[in-house]
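Structure assessment
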Amino acid sequence: MVNQSIKALVAYAENNGLIEKADEIWAINRILEIIGIDDYDEPEIVPDMSLTEILDNLCDFAYKNGILKENSIGYRDLFDTKIMGAITPMPSQIRRKFNELYIQSPQAATDWYYKFNQDTNYIRRDRIAKDVKWIAPTEYGDLDITINLSKPEKDPKSIAAAKLMPQAAYPKCLLCKENEGYAGRVNHPARQNHRIMPVTINDSNWFMQYSPYVYYNEHCIVFNSEHTPMKIEPATFRKLLDFVKKFPHYFVGSNADLPIVGGSILTHDHFQGGHNTFAMAKAPIETELHFDGFDQVNAGIVKWPMSVIRLSSEDDNALVKLGAKILAAWRGYTDEKVFLFAETDGEPHNTITPIARMCDGRFELDLVLRNNITTDEHPLGVYHPHAELHHIKKENIGLIEVMGLAVLPARLKEELSLLAGALVDGADIRADKRIEKHADWTDELKTRYTFTAENAMDIIRKEVGIVFARVLEHAGVYKRDKEGKQAFLKFIASI
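The present account deals with the structure reproduced in this document. (Residues numbered from 1 in each chain as written. Predicted model: local features only at pLDDT ≥ 70, side-chain atom pairs only at ≥ 80, totals over all residues. Heavy atoms only, no water.)

**A closer look at the nonpolar core**
Where a protein is soluble and globular, its nonpolar side chains tend to be buried together. Membership of the largest hydrophobic core comes to 94 residues, with the highest contact counts inside it found for Ile6, Leu9, Val222, Phe243, Leu311 and Tyr478. Not counting the four nearest positions on each side in its chain, Val222 is found in contact with Val199, Ile201, Trp206, Phe207, Met208, Phe243, Val252, His270 and Phe271. Counting residues in each nonpolar core, the second largest holds 53 residues, with Val308, Val368, Val407 and Phe451 among its members. (Core = buried A, V, L, I, M, F, W, Y, C linked by side-chain atoms within 4.5 Å. Buried < 20%, exposed > 50% of the residue type's maximum accessible area, 1.4 Å probe, protein only. Contact = heavy atoms within 4.5 Å.)

Here is the structure:
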């Protein structure tokens, strides 16, 4: 089976443009070296195997023959990435191809680059296919819901081995440019099949890559060439707008630069973008605004559960200047009446989650007002999902959630299935430790629905979407009642 798998992998690489016909013998020998054998009897025909089957076969062979130390997902990922790295073209080749296609059109370049990242198995198609996704209608439009299963859980053996490893400083983080081609270790993913693309924004050197977990279509990450902390500043708006100028079919946004309301990596300045239109981008302006001195800018408050100011203009420089003015005003803004404090005990709380896109030939900049203050009642954050929603979503509300995509924990795949069965059967949900956390929620649902085997999961998915809308409302600094709207306009008047 090992010879058949090698033959199939080399054919796969050639069919997908990773190698050429002249590279076949070289590729076979590279694979033989990695799996620890020096003999090869080439099959007459190419076996019909998927890439997943091929790599599984080679990992199984390596484990049985003592090449692969442990037969766990962490070690198998390190090994199969090493194999794919052997048939992945050099960075210079990839950049040359991307630049040639960019001359045709930016979309032609990104279409090819995205497929390339899938073909090299950097984006694992088989795992992405396991994600559970649906659309939930709400008063704010159709929200995207996903239970993300493509990011593997760390296995016990990898966790144990990682604890024994000395602290490494190379690469400094998962986003550093030094990850390109890196062999990885049990506490850091292998990246031999990883290729990054240089991009200049605001006259500074950045790179673009795709997320290996792909929360949405063509989910890309744009990161600073230097390992420098996240910072929302006027230059951030310039960088975002420069990026969409280069790639007008993509949006790009930044997580906030403070804990709780920021992303999972605050130590390396980066953005996230992609070829996707989220519910927030489709949401209309519900209150038009005007800023003196910026007649060329259309502005308004967006009909959205969070507090969003949308700026639109053909003049991107005007958006940078007005964005900077709004950011400066928000950083120092306090309104005790609605529990908004710019700082407490010297700790700053106000920041912004910005998103840029092109829309009908105009630059658009959405500024989402954020605040990370905590209290004894809400220790994870006042403007964070409150405890009664933690059964669905407890994690931080970052850029992706802000735009209307719920990235929900993997546990919910099983829990929602168990809930559907319990609701149909009339079982005691509080008696099942796996789903008792949902009991208060389902008690309320039972007052509004009659559950059957045919409708239970549809109802649950619809209601999960409504819970997510409430999560976003909790994260909004200005509530959508009369008092909140007046307070929002009070801040606008202060700018």
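**Some remarks on helix α2 (residues 24-35)**
An ideal rise of 1.5 Å per residue puts 16 Å on 12 residues; α2 measures up with 17 Å between its terminal C-alpha atoms. Taken as a whole, α2 has its buried residues at Ala27, Ile28, Ile31, Leu32, Ile34 and Ile35. Taken down its axis, α2 places every buried residue within 165 degrees of arc, on the same side. Those residues of α2 that are exposed and aimed more than 90 degrees away from the buried face are Ile25 and Glu33. Trailing α2 by a residue or two, Gly36 shows a phi angle of about 80 degrees, which is positive. (Helix = DSSP H or I, 4+ residues; strand = E, 2+ residues; numbered from the N terminus. Expected span 1.5 Å × (residues − 1). Arc of directions from axis to C-beta.)

**Looking at the side chain of Thr351**
By secondary structure assignment, the location of Thr351 is in strand β13 (residues 350-359). Among the polar contacts listed, one links the side chain of Thr351 to the side chain of Asp257, at a separation of 2.6 Å. Once residues lying within four places of it in the same chain are set aside, the contact partners of Thr351 are Ile232, Ala256, Asp257, Leu258, Val261, Trp330, Arg331, Val368, Leu369 and Arg370. (Polar contact = N/O pair within 3.5 Å; in protein donor to acceptor, adjacent residues only side chain to side chain.)

**Side note on the packing of helix α1 (residues 2-15) against α2**
Running from amino to carboxyl end, α1 crosses α2 at an angle of 135 degrees, the nearest separation of the two axes being 10 Å. The orientation of α1 relative to α2 falls into the category oblique. Relative to α2, α1 is oriented so that their crossing is right-handed. Taken together, the residues of α2 that come into contact with α1 (itself represented by Val2, Ile6, Leu9, Val10 and Glu14) are Glu24, Ala27, Ile28, Ile31, Leu32 and Ile35. Partitioning the contact of α1 with α2 into residue classes produces nine nonpolar, no polar and two charged. (Axes fitted to C-alpha atoms, helices over the stretch in contact; angles between N-to-C directions. Parallel < 35°, antiparallel > 145°, perpendicular 65-115°, else oblique. Left-handed = near helix turned anticlockwise from the far one by under 90°. Nonpolar A, V, L, I, M, F, W, Y, C, P; charged D, E, K, R; others polar.)

In short, geometric facts, not functional conclusions.
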